[in-house]
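Residue strings, one per chain:
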Amino acid sequence: MEEVISSLMQRSICSVGMDDSAAQVEAVLADQHLGWVPVLEPERGEAVGVISALDIVALHAQGRDASTVNAWQLCTYKPVAVEATTQLSRVAELMLERRVHHVVVKDHDKMVGVASSLDFVRKFLATR
């Protein structure tokens, strides 16, 4: 039986709120040594988007003030979300099809983890 995404995902979830400024998001990414972070809707705690370090770089390259841009204005909406029981090969296919490097992992409607393309690379190197 093939492994599922819950065996690969990061269970420690760092997230930001929709109304957090891009400057706050940038600080979270730097402080936590992250390349991306889910953006949560405040009432249900549901991931409505993701912001990557590249999004922050692009914001600065455009000369925009990170303290005046909210996370909801910067995030990529509707992140790819998969159930914790989804097979790794299916998640990899979805990531390639949708051209994304990050997925949100859910157990029914609750976010229980996150996974990125780097998690797949780590898994590959660990099995060599």
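Values in this document were obtained by computation on a predicted structure and should not be read as measured data.

**Q** So what's going on with the overall build of the protein? Which residues, and what values?
**A** Counting secondary structure elements, the protein contains 5 helices and 7 strands. In the protein, the succession of helices and strands from N to C terminus is β-α-β-β-α-α-β-β-α-β-β-α. Taken over C-alpha atoms, the radius of gyration comes to 15 Å for the protein, in line with the 14 Å a tight globule of 128 residues would show. Among the 128 residues that make up the protein, the fraction classed as buried is 38%. Relative to all contacts within the protein whose residues are 6 or more apart in sequence, the contacts with residues 24 or more apart total 57%. Entry remark: accessible area of the protein is about 7800 Å², with carbon and sulfur atoms responsible for 53%. Here the protein contributes 12 positively and 17 negatively charged side chains, and the mean placements of these two sets differ by 6 Å.

**Q** Give me the lowdown on the sheet that holds strand 7 (residues 110–116), citing residues and values where you can.
**A** The 3 strands are arranged 5-6-7 in an open sheet whose pairing can be described as mixed. Each edge of the open sheet carries a strand with a single partner, namely strand 5 (81–83) and strand 7. Averaged over all neighbouring strand pairs, the angle between strand axes comes to 35 degrees, with direction disregarded. Summarising the sheet, strand 6 (residues 102–107) and strand 7 pair through 6 bridges and their orientation is antiparallel. By the bridge assignment, Lys106 is partnered in strand 7 with Met111. Relative to the sheet, helix 4 (residues 88–98) contacts strand 5, strand 6 and strand 7, its axis offset from that of strand 6 by approximately 135 degrees.

**Q** Go over the pairing of strand 3 (residues 47–52) with me, naming the residues and quoting the values.
**A** Here strand 3 lies mainly inside the structure; 6 of its 6 residues are buried. Judged from the 5 bridges that link them, strand 2 (residues 36–40) and strand 3 form a sheet pairing that is antiparallel. Bridge pairing links Leu40 to Ala47 in strand 3. As consecutive antiparallel partners, strand 2 and strand 3 are separated by 6 residues, and within that stretch Gly45 has a phi angle of approximately 70 degrees, a positive value. As paired elements, strand 3 and strand 4 (residues 76–77) share 2 bridges and run antiparallel to each other. Directly across from Gly49, in strand 4, lies its bridge partner Tyr77.

**Q** For unusual backbone geometry, give the residues involved together with the corresponding values.
**A** The backbone phi angle of His33 is positive, close to 55 degrees, even though this residue is not glycine. Overall, the relative accessible area of 72% leaves His33 in the exposed class. The residue His108 is not glycine, and still its phi comes out positive at about 60 degrees. Here His108 lies in the loop between strand 6 and strand 7. Among the residues examined, His108 registers a relative accessible area of 61% and is labelled exposed.

**Q** Could you give an account of the packing of helix 1 (residues 22–32) against helix 2 (residues 53–61), naming the residues involved and the relevant values?
**A** It is the contact of helix 1 with helix 2, at a shortest axis distance of 10 Å, that shows an interaxial angle of 135 degrees. Considering their axes alone, helix 1 and helix 2 lie oblique with respect to each other. The interaxial crossing formed by helix 1 with helix 2 has left-handed handedness. Each of Ala22, Val25, Glu26 and Leu29 in helix 1 lies in contact with helix 2, whose residues at this interface are Ala53, Ile56, Leu59 and His60.

Thresholds applied
- Residues numbered from 1 in each chain as written.
- Predicted model: local features only at pLDDT ≥ 70, side-chain atom pairs only at ≥ 80, totals over all residues.
- Heavy atoms only, no water.
- Helix = DSSP H or I, 4+ residues; strand = E, 2+ residues; numbered from the N terminus.
- Rg over C-alpha atoms; globule rule 2.2 N^0.38 Å.
- Buried < 20%, exposed > 50% of the residue type's maximum accessible area, 1.4 Å probe, protein only.
- Contact = heavy atoms within 4.5 Å.
- Areas by Shrake-Rupley, 256 points an atom, 1.4 Å probe, with all protein chains shown as cover.
- Lys, Arg positive; Asp, Glu negative; His and termini not counted.
- Charge placed at Lys NZ, Arg CZ, Asp CG, Glu CD.
- Pairing = 2+ DSSP bridges.
- Axes fitted to C-alpha atoms, helices over the stretch in contact; angles between N-to-C directions.
- Parallel < 35°, antiparallel > 145°, perpendicular 65-115°, else oblique.
- Left-handed = near helix turned anticlockwise from the far one by under 90°.

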